[in-house]
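# Observations on the three-dimensional arrangement
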Amino acid sequence: MITLPQSSEQVAFTLEKVIARRKGLAVPGKANAPLVAVLGPKGGTGKTLIATNLAVALAQRDANVVLVDLDLQFGDIGLALGMSPEHTMYDLMRAGPPFDHEKLERHLIRHSSGVKVLIAPTRPDQASAVSIDYLRDIYASLRTMCDAVIVDTPPGFTPEVIATIDVSTEICMVGMLDSLSLKNTKLGLETLDLMGYDTDHVSLVLNRADSRVGITHDDVSMIVGRGPDVSIPSDREIPRSINEGTPIVASKQSSGAAKAFRALADRYAKPPAPKPTPLRGAPPSGVRALMGRRR
Ligand SMILES: Nc1ncnc2c1ncn2[C@@H]1O[C@H](COP(=O)(O)OP(=O)(O)O)[C@@H](O)[C@H]1O
Ligand SMILES: [Mg+2]
């Protein structure tokens, strides 16, 4: 619903959102994994770094993770994970629906960490082949076949990003310690608010959080309106890990950055199943029960 009067930009934004939305989020009657959208209004803030490390950190806990590269024109998850793009989202789109498990599995590439990746089209001109309707079907299927879906996104609220936000269960908003980035992070959070997104499911991740650039964490809270949930330090190993195609959470597990990524993963990891405690005085069952009866 849109309440008038509104600015023409807001009406246009709402309409775009409605067009991008249209159908169901989860498949009824099935276990639907959480879908985490990693967002950041600008390029170069660390979205890809965070999406890849979060996915690998979850896989390190034996979670079955699918990582989707939604940066349709300049996706670089394949490169960041040192994988060759044998199959991409472009091939999947060309194969068309219905997107059953088998077809999806064929288009996912397995990283050595166990994370399965849906690689972005390899060339910018292939991006237009990606249909938002198909994308929604793909998300719905993926959510029934793994423990977590992580989506890396391009900068800004493009139609495919809006569609992803709509089906996501969690958002990880990335900001950096400079006033321009923080201003845009605040705008991003306000936009989510405008879309009616539940703030309880939005985590604020501050990247390069230790840079001595004259902005304190209190300034961050003042500019953005909330403090960061997770802070990731700058680390010279990070560019190296990207160049080598091995996320820092795997290549340098004791680093502050790796610890921060594990703290982020804590927010999305399934709680360990409680160990069954034998009931005291419970009647014997199975073989014991049979033996008891014979006695
Ligand atoms: N915490 C960090 N420490 C060191 N370098 C970083 C850090 N975060 C990002 N970078 C550098 O910035 C580059 C851009 O990050 P990236 O994740 O690709 O941003 P985005 O996906 O938002 O465009 C990375 O290739 C990396 O070299
Ligand atoms: Mg990126």
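The present account deals with the structure reproduced in this document.

### Re the overall build of the chain
A tally of regular secondary structure across the chain gives 13 helices and 8 strands. Expressed as a percentage of its 295 residues, the buried residues of the chain come to 46%. Surface accessibility of the chain: about 15400 Å² in total, with carbon and sulfur atoms responsible for 54%.

### Remarks on the pairing of strand E6 (residues 170–176)
With 7 of 7 residues buried, E6 is to be regarded as a mostly interior element. The alternating pattern of E6 places Glu170, Cys172, Val174 and Met176 on one face and Ile171, Met173 and Gly175 on the opposite face, and all of these are buried. The sheet contact formed by strand E1 (residues 35–39) and E6 spans 4 bridges and is parallel. Residue valine 36 lies in a different strand from E6, and its bridge partner there is glutamate 170. Direction of pairing for E6 relative to strand E7 (residues 202–207): parallel, over a ladder of 6 bridges. Across the sheet, the residue bridging to methionine 176 is asparagine 207, located in E7. Note on the crossover from E6 through helix H8 (residues 179–194) to E7: the handedness is right-handed.

### As for the pattern of salt bridges
All chains considered together, the criterion is met by 8 salt bridges. The salt bridge partner of aspartate 133 is arginine 136, with a shortest N-O separation of 2.7 Å. Here the residue aspartate 133 and the residue arginine 136 both occupy positions in helix H6 (residues 132–145), the gap between them amounting to 3 residues, near one helical turn. Taking the shortest distance from any N to any O, the salt bridge between aspartate 229 and arginine 226 comes out at 2.7 Å. A residue is classified by how much of its surface remains accessible, and aspartate 229, at 31% relative accessible area, is partly exposed. Taking the relative accessible area as the measure of exposure, arginine 226 reaches 21% and is therefore partly exposed. Residues participating in the shared-partner salt-bridge network are Arg226, Asp229 and Arg267.

### Topic: empty space enclosed by the protein
A full pass over the atoms with the stated rule returns 1 cavity of 30 Å³ or more. Estimates place the volume of the largest cavity at around 40 Å³. Taken together, Leu39, Gly40, Pro41, Thr153, Pro154, Gly156, Phe157, Val161 and Met173 form the lining of the largest cavity. Of the residues that constitute the lining of the largest cavity, the class distribution is 6 nonpolar, 3 polar and no charged.

### Thoughts on H8
With 16 residues, H8 ought to run about 22 Å at 1.5 Å a step, and its terminal C-alpha atoms sit 22 Å apart, in line with that. The complete set of buried residues in H8 reads Ser181, Leu182, Asn184, Thr185, Gly188, Leu189, Thr191 and Leu192. By the N-cap criterion, in which a side-chain oxygen at the helix start approaches the backbone nitrogen of a residue two or three places on, H8 is capped by aspartate 178, the distance to leucine 180 being 3.1 Å. Remark: glycine 196 follows H8 within two positions and exhibits a positive phi of approximately 75 degrees.

### Focus on the nonpolar core
Residues Val68, Met89, Leu142 and Leu192 are the most contacted members of the largest nonpolar core, which totals 44 residues. If you tally residues by element for this core, the top one is H6, at 5 residues. Setting aside chain neighbours within four positions, we find valine 68 in contact with Met89, Leu118, Tyr139, Leu142, Val149, Ile150, Val151 and Asp152. In terms of nonpolar packing, the next biggest core, distinct from the first, is built from 37 residues, Ala57, Met83, Ile232 and Ile248 among them.

### Points about the site of ligand 1
Neighbouring ligand 1 are 15 residues, the closest being Gly44, Lys47, Thr48, Leu49 and Asn207. A distance of 2.9 Å separates an oxygen atom of ligand 1 from a polar backbone atom of leucine 49. At a separation of 3.0 Å, a nitrogen atom of ligand 1 approaches a polar backbone atom of proline 233. Protein chains shield 80% of the accessible area of ligand 1, which is 560 Å² for the free molecule. With respect to the detected pockets, ligand 1 is housed in the largest pocket. Split by residue class, the shell around ligand 1 holds 5 nonpolar, 7 polar and 3 charged.

### So, the layout of surface pockets
Volume-wise, the largest pocket comes out at about 530 Å³. Counting residues per element, the ones that place at least two in the lining of the largest pocket are helix H2 (47–59), helix H3 (77–80) and helix H10 (237–244). In terms of residues, the lining of the largest pocket owes the most to one element, H2, which gives 5 residues. Of the residues contributing to the lining of the largest pocket, the split by class is 12 nonpolar, 12 polar and 5 charged.

Thresholds, definitions, all that
- Residues numbered from 1 in each chain as written.
- Chains lettered and ligands numbered in written order.
- Predicted model: local features only at pLDDT ≥ 70, side-chain atom pairs only at ≥ 80, totals over all residues.
- Heavy atoms only, no water.
- Helix = DSSP H or I, 4+ residues; strand = E, 2+ residues; numbered from the N terminus.
- Buried < 20%, exposed > 50% of the residue type's maximum accessible area, 1.4 Å probe, protein only.
- Areas by Shrake-Rupley, 256 points an atom, 1.4 Å probe, with all protein chains shown as cover.
- Pairing = 2+ DSSP bridges.
- Right-handed = clockwise from strand over helix to strand, strands pointing away.
- Salt bridge = Lys/Arg side-chain N within 4 Å of Asp/Glu carboxyl O.
- 1 Å grid on protein atoms, 1.4 Å probe; cavity = no way out; pocket = protein on both sides within 12 Å on 5 of 7 lines; lining within 4 Å.
- Points joined across faces, edges and corners; volume = space filled by probe spheres on them.
- Nonpolar A, V, L, I, M, F, W, Y, C, P; charged D, E, K, R; others polar.
- Expected span 1.5 Å × (residues − 1).
- Polar contact = N/O pair within 3.5 Å; in protein donor to acceptor, adjacent residues only side chain to side chain.
- Core = buried A, V, L, I, M, F, W, Y, C linked by side-chain atoms within 4.5 Å.
- Contact = heavy atoms within 4.5 Å.
- Near = heavy atom within 4 Å.
- Sits in = over half its atoms within 2 Å of the grid points.

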